[in-house]
Amino acid sequence: MIKQYETVFIATPVLSDAQMKEAVAKYIDLIKANGGEIVYEEDWGLKQLAYPIQHKTSGFYYLIEFKAAPEFIATLETQYHRDERIIRYLTVALDKHAIAYAEHRRQVRANKAAAPKVEAAPAPVEEVELEETKED
Amino acid sequence: MANVENSEIRYLNPPTVEVRKKKYCRFKKAGIKYVDYKDAEFLKKFLNEQGKILPRRITGTSLKFQRKVAQAVKRARSLALLPFVTDLLK
């Protein structure tokens, strides 16, 4: 039986970009090697943690949506557990509403990414202004 | 005195009749079926300033979705998207 899952992991902020890519590649390969299928992946980048984990106040977030057999989840989580680069992880099975929501979310994000180039030229400018004010 | 006994009860200040807004479940009203743990900003609507989950009697959420909100908040907490305890969340 194949179920759809979603996993988010937080990697230590000390990793370089290349190391982070390598870590992501490792888990994607692991999923594929175990007969899984990647549905979607998303890089949230370096985010501030709401509370310190292992004395670290930020971390790289990465989201992978995939289809796999339920038995595989235990292997994936052991790999996470053994990996020193990963400071936190969460794997969730998606029900039909969650899958519908995830698809909708993906579309919204894709539209957002595509929109500024095509139509809404002023939108990015506003964003930049907001960021500037935050820095101040 | 007789006058008072005969007439209806009178108040010095007319009692204020509160017209309370009926609470409603925002999930049922908006047709939301899945509560996303990744959307921390949305989940903050269901937390008080210390980051505790607000009861149903305050938010008006239906039982079905209160359970889902609680689940989502707890997931978000474990991913450090929301704090377990804090002051002045908002």
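Description of the structure in this document. Nothing here was measured: the structure is a model prediction, and the numbers come from that model. (Residues numbered from 1 in each chain as written. Chains lettered and ligands numbered in written order. Predicted model: local features only at pLDDT ≥ 70, side-chain atom pairs only at ≥ 80, totals over all residues.)

### Some details on the overall build of chain B
Phase 1 of the analysis: Assigned secondary structure in chain B consists of 5 helices and 0 strands.
Phase 2 of the analysis: Put simply, chain B runs from its N terminus to its C terminus through helices and strands in the order α-α-α-α-α.
Phase 3 of the analysis: A compact globule built from 90 residues should have a C-alpha radius of gyration of about 12 Å, whereas chain B, at 21 Å, is more than 25% larger.
Phase 4 of the analysis: Considering only C-alpha atoms, chain B reaches an extent of 75 × 30 × 15 Å along its principal axes.
Phase 5 of the analysis: Within chain B, the fraction of its 90 residues that count as buried is 22%. (Helix = DSSP H or I, 4+ residues; strand = E, 2+ residues; numbered from the N terminus. Rg over C-alpha atoms; globule rule 2.2 N^0.38 Å. Buried ≥ 20, exposed ≤ 12 C-beta atoms within 10 Å, placed from the backbone.)

### Describing helix H5 (residues 63-78) of chain B
All names here are of chain B.
Phase 1 of the analysis: Counted at 1.5 Å a residue, the expected span for H5 with its 16 residues is 22 Å, and the 23 Å between its end C-alpha atoms agrees.
Phase 2 of the analysis: Where H5 is concerned, the buried positions are Phe 65, Gln 66, Lys 68, Val 69, Ala 72, Val 73, Ala 76 and Arg 77.
Phase 3 of the analysis: Downstream of H5 by one or two residues, Ala 80 has phi in the positive range, about 60°. (Expected span 1.5 Å × (residues − 1).)

### As for the environment of Val69(B)
Phase 1 of the analysis: By secondary structure assignment, the location of Val69(B) is in helix H5.
Phase 2 of the analysis: Not counting the four nearest positions on each side in its chain, Val69(B) is found in contact with Val35(B), Phe46(B) and Thr61(B). (Contact = placed C-beta atoms within 7 Å.)

### Things to note about the sheet that holds strand E1 (residues 3-11) of chain A
All names here are of chain A.
Phase 1 of the analysis: The sheet built from 4 strands is open, its strands ordered E2-E3-E1-E4 with antiparallel pairing. Since the sheet does not close on itself, it has two edges, and those belong to strand E2 (37-53) and strand E4 (86-93), each with one partner. Along the sheet, successive strands turn relative to each other by an average axial angle of 20°, direction set aside.
Phase 2 of the analysis: As paired strands, E1 and strand E3 (residues 56-68) are joined by 9 bridges and run antiparallel to one another. Residue Ala 11 lies in a different strand from E3, and its bridge partner there is Phe 60. (Pairing = 2+ DSSP bridges. Axes fitted to C-alpha atoms, helices over the stretch in contact; angles between N-to-C directions.)

### Concerning the nonpolar core
Nonpolar side chains in soluble globular proteins tend to be buried together.
Phase 1 of the analysis: Core analysis: the biggest nonpolar cluster contains 29 residues, and Ile10(A), Leu43(B), Ala72(B), Val73(B) and Ala76(B) have the highest contact counts within it.
Phase 2 of the analysis: Those elements that place two or more of their residues in this core are E1, helix H1 (17-33) and E3 of chain A together with H5 of chain B.
Phase 3 of the analysis: The element best represented in this core is E3(A), accounting for 6 residues.
Phase 4 of the analysis: Setting aside residues no more than four positions away along its own chain, Leu43(B) makes contact with Ala72(B), Val73(B), Ala76(B) and Leu82(B). (Core = buried A, V, L, I, M, F, W, Y, C linked by C-beta atoms within 7 Å.)

### Section: the interface of chain B and chain A
Phase 1 of the analysis: Each partner contributes to the interface: chain B provides 11 residues, whereas chain A provides 11 residues.
Phase 2 of the analysis: Tallied by class, residues from the side of chain B that touches chain A come to 7 nonpolar, 1 polar and 3 charged. (Nonpolar A, V, L, I, M, F, W, Y, C, P; charged D, E, K, R; others polar.)

### Things to note about the pairing of E2(A)
All names here are of chain A.
Phase 1 of the analysis: Strand direction decides the pairing type here: E2 and E3, joined by 11 bridges, are antiparallel. Its bridge partner being in E3, Glu 37 is matched across the sheet by Lys 67.
Phase 2 of the analysis: What sits between E2 and E3 in their antiparallel hairpin is a turn of 2 residues, with Gln 54 showing a positive phi close to 50°.

### Quick notes on the environment of Trp44(A)
Residue and element names in this part refer to chain A.
Phase 1 of the analysis: In this fold, Trp 44 is placed in strand E2.
Phase 2 of the analysis: Overall, the presence of 14 C-beta atoms within 10 Å leaves Trp 44 in the partly exposed class.
Phase 3 of the analysis: Each C-alpha atom of the pair Trp 44 and Val 8 lies 9.9 Å from the other, and the pair is 36 residues apart in sequence.
Phase 4 of the analysis: Not counting residues up to four positions away in its chain, the partners in contact with Trp 44 are Tyr 61, Tyr 62 and Leu 63.

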